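# Coordinate analysis (summary)
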Amino acid sequence: PDLAIKLADALLHVPAKDLYAAQQTLVQVRNLYEQAYNLHSSDPRTLEKLLDFYQTVARDLNDQAAWTIIRTKTQGALAANPNQSVARKFHGIATVNLMLTVEVSPEERQHAGEDLTAAIKADPDDRDVARYLAQWDVLEARAQEQAGGDAARVRQLRQAATQLLVNSAKQHPDDQLR
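Residue positions are counted from 1 within each chain, in the order its sequence is given. Only residues with pLDDT of at least 70 are given local features in this predicted model, and only at 80 or more are side-chain atom pairs given and counted; all residues enter the totals for whole chains, interfaces and linings. Excluded from the side-chain calculations are hydrogens and water; all other atoms, namely the structure's heavy atoms, are used.

Summing up its helical and strand segments, the protein chain has eight helices and zero strands in all. Under the scheme used here, helices are H or I runs from DSSP no shorter than 4 residues and strands are E runs no shorter than 2 residues, and both carry numbers assigned from the N terminus. The helix and strand sequence of the protein chain, counted from the amino end, reads α-α-α-α-α-α-α-α. Radius of gyration: over C-alpha atoms. The globule rule applied is 2.2 Å multiplied by the number of residues raised to the 0.38 power. In summary, the protein chain has a C-alpha radius of gyration of 18 Å against a globular reference of 16 Å for 178 residues, a match within 12%. Seen through its principal axes, the protein chain has C-alpha atoms that stretch 55 × 35 × 30 Å.

One recurring pattern in soluble globular proteins: nonpolar side chains tend to sit buried together. Only buried residues count toward a nonpolar core. Its members are Ala, Val, Leu, Ile, Met, Phe, Trp, Tyr and Cys residues joined through side-chain atoms within 4.5 Å. Buried, partly exposed and exposed residues are distinguished by accessible area as a fraction of the type maximum, computed with a 1.4 Å probe on protein chains only: under 20%, between the cut-offs, and over 50%, respectively. Within the largest apolar cluster, 46 residues are counted, with the highest numbers of intra-cluster contacts made by Tyr-33, Leu-47, Trp-67, Ile-70, Val-96, Leu-116 and Trp-136. Mapped onto this core, the elements with two or more residues apiece are helix H1 (2-11), helix H2 (19-39), helix H3 (44-60), helix H4 (64-80), helix H5 (85-99), helix H6 (106-122), helix H7 (127-146) and helix H8 (151-171). By definition, residues are in contact when any of their heavy atoms lie within 4.5 Å. For Ile-70, the residues in contact, after removing those within four places along its chain, are Leu-51, Tyr-54, Gln-55, Phe-90 and Ala-94.

On the secondary structure map, Val-86 appears in helix H5. Excluding its chain neighbours within four sequence positions, the residues that come into contact with Val-86 are Pro-44, Leu-47, Glu-48 and Leu-51.

Another aspect to go through is the packing of aromatic side chains. In this description, a pair of aromatic rings is defined by centroid distance and the angle of the planes. Aromatic contacts are taken between Phe, Tyr and Trp rings whose centres are within 6.5 Å, Trp giving its six-membered ring; a plane angle under 30 degrees counts as stacked, one over 60 as edge-to-face, and the others as tilted. Within the structure shown, the criterion is met by two aromatic pairs. Measuring from centroid to centroid gives 5.9 Å for Tyr-33 and Phe-53, while their planes differ by 50°, and the two rings are tilted. Here Tyr-33 is found in helix H2, whereas its partner Phe-53 is found in helix H3, with 20 residues between them in sequence. Classification of Phe-53 by relative accessible area gives buried; the value is 7%. Both rings, one in Phe-53 and one in Tyr-54, keep their centres 5.5 Å apart while their planes meet at 65°; by these two values the pair is edge-to-face. Both residues of the pair, Phe-53 and Tyr-54, count as buried. An aromatic cluster of three or more residues is present, and its members are Tyr-33, Phe-53 and Tyr-54.

The following block contains the structure:
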């Protein structure tokens, strides 16, 4: 998988002469990451490269379908290994993004919170996880509030979100996304 990953990484840095060439390059990169993952699905590196690619597509190209792809891929990876940290991280991130646009079941919302909590415990310095866990807290507080849930739980979720963002801002004062 190393050769496919290196080639895909290199292609991402080649300037495209026009939109069509850029689209073709993205297809090639996606195919290489997919190939590396399909050949070595038990290697967390191949999954992380593939999911990083889809996350970039989702964010930078505003492709909401990419969040669904990430969620589907991570569900497969979690079925094979429920404690796979890369899969848990990206599953939580994708689910939070989907919570912004589509109805997500309470069970899936809870699972996303658990995934992100496990990911932040595994890597407390991960800015993405901190940001999405804070966003999950806010969205969950809103859902609890709308359902007439426990006011103390709503307060606790909002305080947790605030604390995550404050800590992240202290750790990464140069972070443009906070």
